[in-house]
Amino acid sequence: MNPSPAASTKCEFSFTVNGEAKNVLAHPMERLLEVLRNDLGLTGAKEGCGEGECGSCSVLLDDMLVNSCLIPIAQANGTSVVTIEGMSAHSLMKPLQESFLECGGAQCGICTPGMILAAAHLLDKKLDPTLADIREGLAGNLCRCTGYMQIFEAVAKAARGRAAP
Amino acid sequence: MTVRHIVGASVPRKEGWDKVTGAARYVDDMVLPGMLHGATVRSTIGRGKIKQIHFGPGVDWNEYVVVSAKDIPGKNCISLILDDQPCLASEFVNHPEEPILLLAHPDRPKLRKAVEAVSIEYDPLPALHTIEESERQSTIIWGSDNTFKTFLVEKGDVDAVWKEAAHIVEGEYLTGAQEQLYIENNGVIAAFGPKSGVTVWGSLQCPYYVHKALMTLFALPEEKVRVVQMETGGAFGGKEEYPSMIAGHAALLAMKSGRPVKIVYDRMEDMAATTKRHPSRTRHRTAVDRHGRILGGEIEFTIDGGAYATLSSVVLSRGTIHAGGPYYWPNVRIRTKAVATNTPPHGAFRGFGAPQSLFAMERHMDRIAQVVGISPVEVRRRNFLKSGQTTTTEQTIKENIDLDRLLKRALELSDYAAKKKRFAEKNKAGTHRKGIGIAAFLHGAGFTGSGERYLNSLVGAEAGADGTVRVLVSSAEFGQGTNTVLCQIAAEALGLPYENVSIAQPDTTVVPNSGPTVASRTAMIVGKLVQSAARGIKETLTKTGLLHDDYSPEQFCAGCKEYIATHGALKSYARYQAPPDVYWDDEKYRGEAYAAFAWAVYVAEVTVDLTTYSVTVDDFVALQEVGRVLHPVLAEGQITGGVAQAIGFALYENVVWQDGRMMNNQMTNYIMPASMDLPPIRVFFEENGNVHGAHGAKGIGELPMDGPAPAIVNAVEDATGVRFCSIPLLPEDLFETVRPEFNEQVVFPLARGTS
């Protein structure tokens, strides 16, 4: 599923990761996920399925929520990528992380970085999301542990916290 | 000053912050200097003799480390119960995806090409793929009769009941394989040194299972094998026995190459090659009186174990003991067996045989109700076990249970009666049919019968000079909350703040063997031992005069400091002691099967769309009695997560087999519930104390896997009038049997094989 062709034809790519300019030498079809994890040591994005189903490799690419296992590094050239490690400055991050902890939104934790990124992305777009909005916003992120209920609660709580004066 | 009420409070998950920040370290996040990647060459056929192995052209094989069965220094098996499963096939293969060769290389992409370049010639042998094929014994693939294990439970005189019966109700029920689908695939890193022996870091549930398997595989003494559990991204039983296999593989490559080796499966390999829930077939023949009371019955329960024995005997055991459900059987005969087929071995998955036999029991109760002409509620009420009565294994129920009251409350919480009436009226017209179904069930906590006695678990606690205490157990955290709950128990026992207690990373050189992290045993059994070990520290300090009653954390700290300065390390251990009144006969399968049962009644509400033939669960009420709830948020998370997996088991998760191989081994076409697919899962607890568990806790992790599937299929029958007896229940099954114009009951043909 995860063809990364031989490293014989590497090219240089430049992009911004978590606000820092990065140059990497990689095969054009090497996946962004591998570049982030192996070349840049950013292991917060996880590989769950390698085919864009589970969302545990979610990152933001030019403010779009993407599965980094489906993005060839050539496509990331010139973009700005934000991973879970780069989200600490985001105003929603701490409330989301705290509400995930309080509500039980993280169990085994493997989907959690992607889930929290997806949640932050949703709350950036929707000020006051309904439960249906939350379900839809997280539809690309699979969790096998929680049955999602406590994740919905965590996202709703973070949203409410923001709305409160 | 003493800190109170840590147990019962929803304190923060110990490793939670690392998980929400992405800092938690899973095995694939770890890199060792000079590390190679490993890969596995697997059989492409179901059964046959290996004739020749060809290393194809276009690959410089000198770059690769190659390991075959010949390289195994010890016994070529994955040591577990029967030691019949080879680590690497040498002469024969017995299932598709069986490991034959191992390759290692620094570059992962090059490794994939090399795996593809190996071709293996076989003399194929006839293979078996279903329970029925295995039973026919047209060819013998395991032992003398294709049977791994049988059990017989007999209570009373079943043969005498048939003539008294007002009705004899029969049914056959099937459940399919199910993939655990933890989001983190199986993975390990292994290192080898001539002096240090084997070290493995991995995603796993049972460090000492892997430890034992590696000792056998390498013929090494226990101190030359070290197993470390990394943060584990979900397991659900899927990392109970399989990690011994992948750890063995990586360690063999590490020994041969002299370098650390990482093997992390991708999703396709993980799904095709590793264990799944055992497919099952259950047959019921039940004698009931005219009021619907069970007089007696015969239950036949059969599971497909796959090609090797692995854990099938114990999965069968749990399925056997749970087969009679939470009901009183004055007379019963339960015959069960685990049979061999040429599929990858089926293994542990949350519930461990109980979801299979309980699916049958709870569908069959609805059937009995129909035959007798009473409601599904009434048939259960009339047959519930009561305190003082005995289970099918003649275990007397000593705890104070009131299943009637549990049922009544579940019906109220789900607004059952009103909905049942309303749906019956509404279903007369339109393209959507609504239904509501119930399931009542139980789940035994801890190892079955004498199991806990054999495990003989040991737990430690160690105090530091800074007054903090560290819990020492091999019980692993993989999402369920082990770290948190065990720290809560220790903190409460010591009267220390939760923050002053931590838990050691499971590492066999650091922690004692507290047993495997399975069987809903951690909170109840290991928890109780943690409590004893923690109290031991306090007693040591008290006895040496370094601590007095009613101490503060500061006084505790001062005591620890002084003790350690004078005597050295301050450690305390506690070993399992079987309750004196527990009796179990392994031969007759009679006696106290479990120290405690959790009890539950679940209610599912569904809509069947007669245009798309899909089933949607609209509402789900999960009410259970699990003893004392140690951490409400974690406990609720166990239930919602288990219910979600069980909804998948009932309606979505279909393993497509072809000649013993899983064909849909991708998340794209093996469908688990996503955020849009689930109803509100409403969780309620009743708390009856349990004398055997820490603070009165019972097991909780597996229970929610048992009830949803029968509750949902009972609801689908309520909606459509069609008697479905097989799961997963897919739209195509409904399409074949449910028609808007239907007017009489149809028995769904048992079309889908179990393998």
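Fair warning: this is a prediction, and the values are worked out from it, not measured in the lab.

Participant: Tell me about the sheet that holds strand E3 (residues 58-61) of chain A, residues and numbers included.
Facilitator: Residue and element names in this part refer to chain A. The sheet built from five strands is open, its strands ordered E2-E1-E5-E3-E4 with mixed pairing. With partners counted over all chains shown, the strands left at the sheet margins are strand E2 (20-26) and strand E4 (64-67), one partner each. Mean inter-strand twist for the sheet, computed between neighbouring axes without regard to direction, equals 40°. Here E3 runs beside E4; their pairing, made up of four bridges, is antiparallel. Residue Ser58 lies in a different strand from E4, and its bridge partner there is Asn67. Sheet strands in contact with helix H1 (residues 32-39) are strand E1 (11-17), E2, E3 and strand E5 (80-82), and its direction is about 105° off that of E2.

Participant: I'd like a description of the packing of helix H16 (residues 632-651) of chain B against helix H18 (residues 708-720) of chain B, backed by residues and values.
Facilitator: Relative placement of two packed helices is described by the angle separating their axes and the distance separating the axes. All names here are of chain B. Two elements in contact, H16 and H18, have axes whose closest approach is 8 Å; the angle formed by their N-to-C orientations is 50°. When the axis of H16 is compared with that of H18, the two are oblique. Crossing of H16 over H18 shows right-handed handedness. For the pair H16 and H18, the contacting residues are Val643, Ala646, Ile647, Phe649, Ala650 and Leu651 in the first and Pro708, Ala709 and Ile712 in the second. Taken together, the residues of the contact of H16 with H18 break down into nine nonpolar, no polar and no charged.

Participant: Just give me the short version of the pairing of strand E23 (residues 596-609) of chain B, but keep the residues and values in it.
Facilitator: Residue and element names in this part refer to chain B. Where burial is concerned, most of E23 is hidden: 14 out of the 14 residues are buried. Across the two faces of E23 the burial is the same, with Ala596, Ala598, Ala600, Tyr602, Ala604, Val606 and Val608 and Phe597, Trp599, Val601, Val603, Glu605, Thr607 and Asp609 all buried. The sheet contact formed by strand E16 (residues 432-445) and E23 spans 14 bridges and is antiparallel. Bridged to Ala440 within E23 is Val601. One ladder, built from 10 bridges, connects E23 with strand E24 (residues 615-625); its direction is antiparallel. The residue of E24 that forms the bridge with Tyr602 is Ala622. Linkage of E23 to E24, two consecutive antiparallel strands, is achieved through a turn of five residues, within which Tyr613 is found at a positive phi near 60°.

Participant: Talk me through the pattern of salt bridges; I want residue IDs and the actual numbers.
Facilitator: All names here are of chain B. All chains considered together, the criterion is met by 59 salt bridges over all chains. One salt bridge in this structure joins Glu132 and Arg281, with 3.0 Å as the shortest N-O distance. Of this pair, Glu132 sits in helix H3 (residues 131-136) while Arg281 sits in strand E13 (residues 280-288), and the two are 149 residues apart along the sequence. Judged by relative accessible area, which is 27%, Glu132 ranks as partly exposed.

Participant: Give me the lowdown on a nonpolar patch on the surface, citing residues and values where you can.
Facilitator: Residue and element names in this part refer to chain B. A cluster of nonpolar side chains, Ile81, Leu82 and Val314, forms an exposed patch at the surface whose accessible area comes to about 240 Å². Along the chain, the position of Leu82 falls in the loop between strand E3 (65-67) and strand E4 (92-93). In this structure Leu82 comes out as partly exposed when scored by relative accessible area, which is 46%.

Participant: If you had to explain unusual backbone geometry to someone new, which residues and values would you point to?
Facilitator: The omega angle of the peptide bond from Ile727 of chain B to Pro728 of chain B is 5°, so this bond is cis rather than trans. Mapped onto the elements of the fold, Pro728 of chain B is located in the loop between strand E28 (726-727) and helix H19 (731-737). Positive phi, close to 50°, is recorded for Asn18 of chain A, a residue that is not glycine. Note on placement: Asn18 of chain A falls in the loop between E1 and E2. Of the residues examined, Asn18 of chain A reaches a relative accessible area of 25% and is grouped as partly exposed. A positive phi is found at Ala519 of chain B, a non-glycine position, where the angle reads about 60°. Mapping Ala519 of chain B onto the fold places it in the loop between strand E19 (501-503) and helix H14 (522-543).

Participant: Explain the packing of aromatic side chains to me, using residue names and the numbers behind them.
Facilitator: Residue and element names in this part refer to chain B. According to the stated counting rule, one finds 15 aromatic pairs over all chains in the structure shown. An aromatic cluster of three or more residues is present, and its members are Phe55, Trp61 and Tyr64. Across the ring face of Phe349, the terminal group of Arg277 is positioned such that the distance to the ring centre comes to 4.2 Å. Stacked on the ring of Phe649, the Lys or Arg Arg277 has its end atom at 5.0 Å from the ring centre.

Participant: Which residues make up the pairing of strand E20 (residues 570-575) of chain B, and what values go with them?
Facilitator: Remember that side chains alternate between the two faces of the sheet whenever the strand is regular. Residues and elements named next belong to chain B. Burial of the side chains of E20 is restricted to one face: Leu570, Ser572 and Ala574 are buried, whereas none of Lys571, Tyr573 and Arg575 on the reverse face is. With six bridges connecting them, strand E17 (residues 458-463) and E20 associate as antiparallel partners. Each bridged residue has a counterpart across the sheet, and for Ala461 the counterpart in E20 is Ser572.

Participant: An account of the interface of chain A and chain B is requested, with residue identities and associated values reported.
Facilitator: Counting residues at the interface gives 46 residues for chain A, matched by 54 residues for chain B. In total, about 4000 Å² of surface goes out of reach between chain A and chain B, with carbon and sulfur atoms giving 57% of it. Together, Leu101, Gln107 and Arg144 of chain A form the three largest contributors to the area buried by chain A at its contact with chain B, with a combined 20%. Across the contact surface, chain A and chain B share four salt bridges. A salt bridge links Arg144 of chain A to Glu653 of chain B, with the shortest nitrogen-to-oxygen separation between them at 2.8 Å. Our enumeration of links across chain A and chain B arrives at 28 residue pairs in polar contact (both at pLDDT 80 or more). Taken together, the elements giving at least two residues each to the side of chain A that touches chain B come down to helix H3 (93-103), helix H4 (112-125), helix H5 (131-137) and helix H6 (149-163) of chain A.

Participant: So what's going on with the side chain of Asn67 of chain A? Residues and values would help.
Facilitator: The residue Asn67 of chain A is located in strand E4 in this model. For Asn67 of chain A, the contacting residues outside a window of four places in its chain are Gly52, Gly55, Cys57 and Ser58 of chain A.

Participant: Go over the domain arrangement of chain B with me, naming the residues and quoting the values.
Facilitator: All names here are of chain B. Each domain of chain B was delimited in the assignment, giving domain 1 (16-25 + 457-575), domain 2 (31-125 + 181-273) and domain 3 (280-448 + 588-737). Listed as interface residues are 26 residues of domain 2 and, on the opposing side, 29 residues of domain 3. Across the domain 2 to domain 3 interface the summed buried area is about 2300 Å²; carbon plus sulfur atoms make up 65%. It is Leu181, Phe236 and Met271 in domain 2 that bury the most area against domain 3; as a group they hold 24% of the surface buried on that side. Where Arg661 meets Glu97, a salt bridge forms, and the shortest distance between an N and an O atom there is 2.6 Å. Counting every contact that joins domain 2 to domain 3 gives eight residue pairs in polar contact (both at pLDDT 80 or more). Broken down by element, the residue count for the side of domain 2 that touches domain 3 peaks at five residues, all from helix H6 (residues 267-273). Within the side of domain 2 that touches domain 3, the residues separate by chemical class into 13 nonpolar, six polar and seven charged.

Thresholds, definitions, all that
Residues numbered from 1 in each chain as written. Chains lettered and ligands numbered in written order. Predicted model: local features only at pLDDT ≥ 70, side-chain atom pairs only at ≥ 80, totals over all residues. Heavy atoms only, no water. Pairing = 2+ DSSP bridges. Helix = DSSP H or I, 4+ residues; strand = E, 2+ residues; numbered from the N terminus. Axes fitted to C-alpha atoms, helices over the stretch in contact; angles between N-to-C directions. Contact = heavy atoms within 4.5 Å. Parallel < 35°, antiparallel > 145°, perpendicular 65-115°, else oblique. Left-handed = near helix turned anticlockwise from the far one by under 90°. Nonpolar A, V, L, I, M, F, W, Y, C, P; charged D, E, K, R; others polar. Buried < 20%, exposed > 50% of the residue type's maximum accessible area, 1.4 Å probe, protein only. Salt bridge = Lys/Arg side-chain N within 4 Å of Asp/Glu carboxyl O. Patch = residues over 30% accessible without salt bridge, like charges linked within 9 Å, V, L, I, M, F, W, Y side chains within 5 Å. Areas by Shrake-Rupley, 256 points an atom, 1.4 Å probe, with all protein chains shown as cover. Phe/Tyr/Trp six-rings, centres within 6.5 Å; stacked < 30°, edge-to-face > 60°. Lys NZ or Arg CZ within 6 Å of the ring centre and 35° of its normal. Buried area = accessible area lost by both parts, 1.4 Å probe. Polar contact = N/O pair within 3.5 Å; in protein donor to acceptor, adjacent residues only side chain to side chain. Domains from an automatic or database assignment.

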